[in-house]
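This is what each chain is made of:
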Amino acid sequence: MDDRELIKRIMEEVKDEKLREELLALVVEKNKKKEDTKQEEKPIDYVARQEILFGATEGVAKVYWWISYIISIVLTFVGFSAGLLALLALLAGELNTFINSLFVSIFTLPIGLGGVFSLRSGKKEYEKLKRKSAN
């Protein structure tokens, strides 16, 4: 039985005014509890989060995002290049160059790839949230 039917039944069958008011108050209180538990958490809005954390407007937050994205791409490129250089140094027998290149590759490649993937997923989530709010 939904709330409308319950209210209609209370109004028809309960003759005592005080009891009717108490029952209707219980129905209203039950609905408030339902609404409080229904509230969903919104996905993280990364641009809004940057606006709050850094005091930036949406335009400035987008510039921060692009700068971070470009830096992540550069780090990924440096990591791949250093890995390729390490492979070539190993084939040429240059042990010092191999160790240095491998060291650079190990530290820059995961940071760059992690940055690229996290920034892209944040942008997709932001666009999805923006589409939801537009509808």
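Use the structure listed above.
Residues numbered from 1 in each chain as written. Predicted model: local features only at pLDDT ≥ 70, side-chain atom pairs only at ≥ 80, totals over all residues. Heavy atoms only, no water.

Caption draft 1: Spatial organisation of the overall build of the protein chain. When you go through the protein chain residue by residue, the secondary structure sums to 5 helices and 0 strands. Listing each helix as α and each strand as β along the protein chain from the N terminus yields α-α-α-α-α. Split into buried and exposed, the 135 residues of the protein chain put 21% on the buried side. In the protein chain, the proportion of contacts linking residues at least 24 apart, taken out of those at least 6 apart, comes to 55%. (Helix = DSSP H or I, 4+ residues; strand = E, 2+ residues; numbered from the N terminus. Buried < 20%, exposed > 50% of the residue type's maximum accessible area, 1.4 Å probe, protein only. Contact = heavy atoms within 4.5 Å.)

Caption draft 2: Representation of the environment of Phe80. As for its position among the elements, Phe80 is in helix α4 (residues 58-92). A residue is classified by how much of its surface remains accessible, and Phe80, at 51% relative accessible area, is exposed. Spatially, the C-alpha atom of Phe80 lies 8.6 Å from that of Thr108, the residues being 28 residues apart in sequence.

Caption draft 3: Region of the structure containing helix α5 (residues 95-134). Taking 1.5 Å per residue as the helical rise, α5 with its 40 residues ought to reach 58 Å, and the 58 Å between its terminal C-alpha atoms agrees with that figure. Of the residues making up α5, those classed as buried are Phe98, Ser101, Ser105, Thr108, Leu109, Gly112, Gly115, Val116, Leu119, Gly122, Tyr126 and Leu129. (Expected span 1.5 Å × (residues − 1).)

Caption draft 4: Geometry of the environment of Ala82. Here Ala82 is to be found in helix α4. Judged by its relative accessible area of 10%, Ala82 falls in the buried class. As a C-alpha pair, Ala82 and Leu102 span 20 residues in sequence and 6.6 Å in three-dimensional space.

Caption draft 5: Structural detail: the packing of aromatic side chains. Tallied over the full model, the rule gives 4 aromatic pairs. On the numbers, 4.9 Å between centres and 10° between planes, the contact of Trp65 with Tyr69 is stacked. Of this pair, Trp65 and Tyr69 both sit in helix α4, 4 residues apart, which is roughly one turn of that helix. For the pair Trp65 and Tyr69, one class covers both residues: buried. Grouping aromatic residues by their ring pairs yields a cluster made of Trp65, Trp66 and Tyr69. (Phe/Tyr/Trp six-rings, centres within 6.5 Å; stacked < 30°, edge-to-face > 60°.)

Caption draft 6: Representation of a negative patch on the surface in the model. On the surface, a cluster of negative charge is contributed by Asp16, Glu17, Glu21 and Glu22. Along the chain, Glu22 turns up in helix α2 (residues 17-38). (Patch = residues over 30% accessible without salt bridge, like charges linked within 9 Å, V, L, I, M, F, W, Y side chains within 5 Å. Areas by Shrake-Rupley, 256 points an atom, 1.4 Å probe, with all protein chains shown as cover. Salt bridge = Lys/Arg side-chain N within 4 Å of Asp/Glu carboxyl O. Lys, Arg positive; Asp, Glu negative; His and termini not counted. Charge placed at Lys NZ, Arg CZ, Asp CG, Glu CD.)

Caption draft 7: Layout of the side chain of Ser72. With respect to the helices and strands, Ser72 occurs in helix α4. Among all residues touching Ser72, those that are not within four sequence positions of it are Gly112, Gly115, Val116 and Leu119.

Caption draft 8: Representation of a nonpolar patch on the surface. Residues Trp66, Ile70, Val74, Phe77, Val78, Leu102, Phe103, Val104, Ile106 and Phe107 make up a contiguous nonpolar surface patch of roughly 970 Å² in combined accessible area. At the level of secondary structure, the elements contributing two or more residues to the nonpolar patch comprise α4 and α5.

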